[in-house]
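Spelled out from the first residue to the last, the chains are:
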Amino acid sequence: VVVVGDSTSTSKIAPFQELYPERVINVGIAEQNLVGISVGLSLSGYVSVTANAAPFLIARSNEQVKNDVCYSETNVKLFGLNAGVAYGSLGSTHHAIDDISIMLGLGNIKIFAPADPVETEQIVLYALKNKGPMYIRMDNGLFPYLHNKEYRFTPGKVDILRHGSDVTLISLGSLVNEAYKASLDLEKESIDVE
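Remember, predicted model here, so these are calculated numbers, not experimental data.

(A) Up close: the overall build of the chain. Assigned secondary structure in the chain consists of seven helices and six strands. In the chain, the order of α-helices and β-strands from amino to carboxyl end is β-α-β-α-β-α-α-β-α-β-α-β-α. Its C-alpha atoms give the chain a radius of gyration of 18 Å, within 12% of the compact-globule value 16 Å for 194 residues. For the chain, the C-alpha atoms occupy an extent of roughly 55 × 35 × 35 Å along the three principal directions. When the 194 residues of the chain are sorted by exposure, 42% land in the buried category. Long-range pairs, those at least 24 residues apart, make up 70% of the contacts in the chain between residues at least 6 apart in sequence. Put simply, the chain shows about 10700 Å² of open surface, and 54% of that area lies on carbon and sulfur atoms.

In structure tokens form, the structure reads like this:
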């Protein structure tokens, strides 16, 4: 069941909603209720998925996420949409630049930030098939493919896109694309980048 906070267009769940209208609950702009309802659905045996803007999902419902999702280990999948500064023109109130550090501080939750469409699909499938609280940080850009069809997402395993011996760049989420581009630029300067 997908629970949204007045974000059916932002979350791009229209195809799902057309197939399963009874499995989409829109609580309006009420993030604490969104998390509370998601937890209740989870405790009733559903795989509960939130789809809400990251800055509001994490900041406004912090206590519910901490106590009802993380501490209680409920099977809720928190999808934080438009993370980072993806909302750009809407200003700093719409930016989620501290969501990962907040979620790390809460503990007892798996955190994922996919780098491309291939990894996104595999992380979503992993989240839906495995029990327990998870936060999936989603950006809203269209990012190039970094992985081929043979790639297999493995939680906790470092994903090395290219090997090098001079310097190592470490990144996550959409910034992996920028790090990869930087590695190609540095290669032109005879710097071997991993």
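So much for the structure itself; the text now carries on.
(B) Quick peek at the side chain of Thr74. Counting through the fold element by element, Thr74 comes out in the loop between helix 4 (62–71) and strand 4 (76–81). With residues near it in sequence (within four places) discarded, Thr74 still touches Val39, Ser42, Leu43, Asp68, Val69, Gly132 and Pro133.

(C) Structural context of the sheet that holds strand 6 (residues 134–137). Across the sheet, six strands lie side by side as 2-1-3-4-6-5; this open sheet has parallel pairing. On the outer flanks of this sheet lie strand 2 (24–26) and strand 5 (110–112), each paired with one strand and no other. Averaged over all neighbouring strand pairs, the angle between strand axes comes to 20°, with direction disregarded. Sheet topology places strand 3 (residues 48–53) next to strand 4; six bridges connect them, and they run parallel. In the strand pairing of strand 4, Ala51 is matched with Phe79. Packed onto the sheet, helix 5 (residues 99–106) meets strand 4, strand 5 and strand 6 and runs at close to 170° relative to strand 6. Taken strand by strand, helix 6 (residues 117–129) contacts strand 3, strand 4, strand 5 and strand 6, and its axis lies near 165° from that of strand 6.

Definitions and cut-offs
Per chain, the residues get numbers from 1 upward, laid out in the order the sequence is written. The model is predicted, so local features are restricted to residues of pLDDT at least 70 and side-chain atom pairs to those at 80 or more, both for listing and for counting; the totals for chains, interfaces and linings are taken over all residues. Note that water and hydrogens are dropped before the side-chain values are worked out from all heavy atoms of the structure. We count a stretch as a helix when DSSP gives it H or I for four or more residues in a row; a strand needs E for two or more, and each element gets its number in order from the N terminus. The globule rule used for comparison is 2.2 Å times the number of residues to the exponent 0.38, while the radius of gyration itself is calculated over C-alpha atoms. Accessible area is worked out with a 1.4 Å probe on protein chains only. A residue is then buried under 20% of its type maximum, exposed over 50%, and partly exposed in between. Whether two residues are in contact is decided by their heavy atoms: any pair within 4.5 Å suffices. In these tables, accessible area is a Shrake-Rupley quantity obtained with a 1.4 Å probe, and a residue counts as shielded only by the protein chains included in the view. In short, DSSP must find at least two bridges between two strands for them to pair. Convention adopted: a line fitted to C-alpha atoms gives each axis, helices being fitted over their contacting stretch, and angles between N-to-C directions are expressed from 0 to 180 degrees.

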